[in-house]
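# Observations on the model geometry
Residues per chain are reported as follows:
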Amino acid sequence: MMLEKIVLCLQVRTNSHRFKRKAFSMIKGNYFFLHCYYDLKKKFPDFDVWVLTSGKKSDDTLSKILKNKKINCFRGNLENIVERFYSFSKKYNYKNYVRFTADNPFVAKKENNELIKKHIRNNYDYSSNLDNLPKGKGIDIFSNKLINDTFKKGKINNSLNKHLNSYILLNKSNYKVNILTKKNLNNSYTIDTYKEYIKNIIKK
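Now for a quick tour of the structure. All residue numbers refer to positions counted from 1 along the written sequence of the respective chain. A pLDDT threshold of at least 70 governs which residues receive local features in this predicted model, and a stricter bar of 80 or more applies before side-chain atom pairs are shown or counted, although totals over entire chains, interfaces and linings include all residues. Heavy atoms throughout the structure, all of them, feed into the side-chain values; hydrogens and water do not.

## Some remarks on helix α4 (residues 110-122)
Put simply, the test is: Here a strand is any run of E in DSSP of at least two residues, a helix any run of H or I of at least four, and the numbering for each starts at the N terminus. Expected helix span is given by 1.5 Å per residue-to-residue step, counting one fewer step than there are residues. The buried label applies to any residue whose accessible area, calculated with a 1.4 Å probe on protein chains only, is under 20% of its type's maximum; exposed applies above 50%, and partly exposed to all values in between. Picture the helix axis, draw a direction to every C-beta atom, and the arc is the one those directions span. Any two residues whose heavy atoms approach within 4.5 Å are treated as being in contact.
With 13 residues, α4 should cover 18 Å at 1.5 Å per step; its first-to-last C-alpha distance of 18 Å lies within 8% of that length. Every buried residue of α4 is listed here: N112, N113, L115, I116, H119 and I120. Each buried residue of α4 lies within a common arc of 160° when the element is viewed along its axis, so the set occupies one face. What points out from α4, more than 90 degrees from its buried face, is the exposed set K110 and R121. Buried-residue contacts for α4 involve β1 (6-11), α1 (32-43), β6 (96-101), β7 (126-128), β8 (140-143) and β9 (177-179). Residue N123 follows α4 closely and has a positive phi angle near 55°.

Structure (structure tokens):
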């Protein structure tokens, strides 16, 4: 499995608009972003985990904390997530990139491990179970080739830079994909707002 050079990427930024300084809210005795990181290390011990944040001053404190804890951290473009992942891919050249966000502290272990293994086994360009699990539980996976293509197309059409998967969802027929769509979306476990933080973290 390690020979496949797959990496888990935790997408984090400090300047959340819907929930101010969410990254530094507390969950189980840790900052939110640190809890998410350690949870990934526990659930997916076979893989490298990197935190991908921005190079802006707003993320200096976050990056300093990661450095002090000797946690792998890459700093890139704040708003352009495609460029952030592309720059990371150019520097470290993993074969596949599993995307997580620090909005989701309750990612599914079993289902996501299965998706990762199937992605590797079948050499997919893109895999996703985001529409197969409750919101906040799933992941999507990108091949290095797809990251490169997404960046190049985004330079031509800026609308494709808003979300990392915008390009592939419009061009599925050009790639080998595995998109699960059971639509099991009855519950939400993502933390986008302070209200969701109170409901799903504080009151539990």
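## Quick look at the sheet that holds β8
Formally: Strand pairing is assigned whenever DSSP detects at least two bridges linking the two strands. Here an axis means a line fitted to C-alpha atoms, over the contact stretch when the element is a helix, while the angle between two N-to-C directions is reported on a 0 to 180 degree scale.
Taking strand neighbours across the sheet as the criterion, the seven strands line up as β5-β4-β1-β6-β8-β7-β9 in an open arrangement whose pairing is mixed. If you trace the sheet from one side to the other, it starts and ends with β5 (73-76) and β9, each paired once. Strand-to-strand, the axes of this sheet are offset by a mean angle of 20°, without reference to chain direction. The pairing of β6 with β8 spans four bridges and is antiparallel. Bridge pairing links N96 to S143 in β8. On the sheet, helix α2 (residues 60-68) packs against β4 (48-54) and β5 and is oriented at approximately 155° with respect to β5. In this fold helix α3 (residues 81-92) packs onto β1, β4, β5 and β6, with an angle of close to 135° to the strand it touches most, β4.

## Here's the deal with the pairing of β6
The buried count for β6 comes to six of six residues, which makes it a mostly enclosed element. Along β6, one buried face is formed by N96, V98 and F100 and the opposite face, lined by Y97, R99 and T101, is buried too. As paired elements, β1 and β6 share six bridges and run parallel to each other. Residue pairing in the sheet places L8 in a bridge with V98 of β6.

Read these as layout, nothing more, since geometry by itself doesn't imply function.
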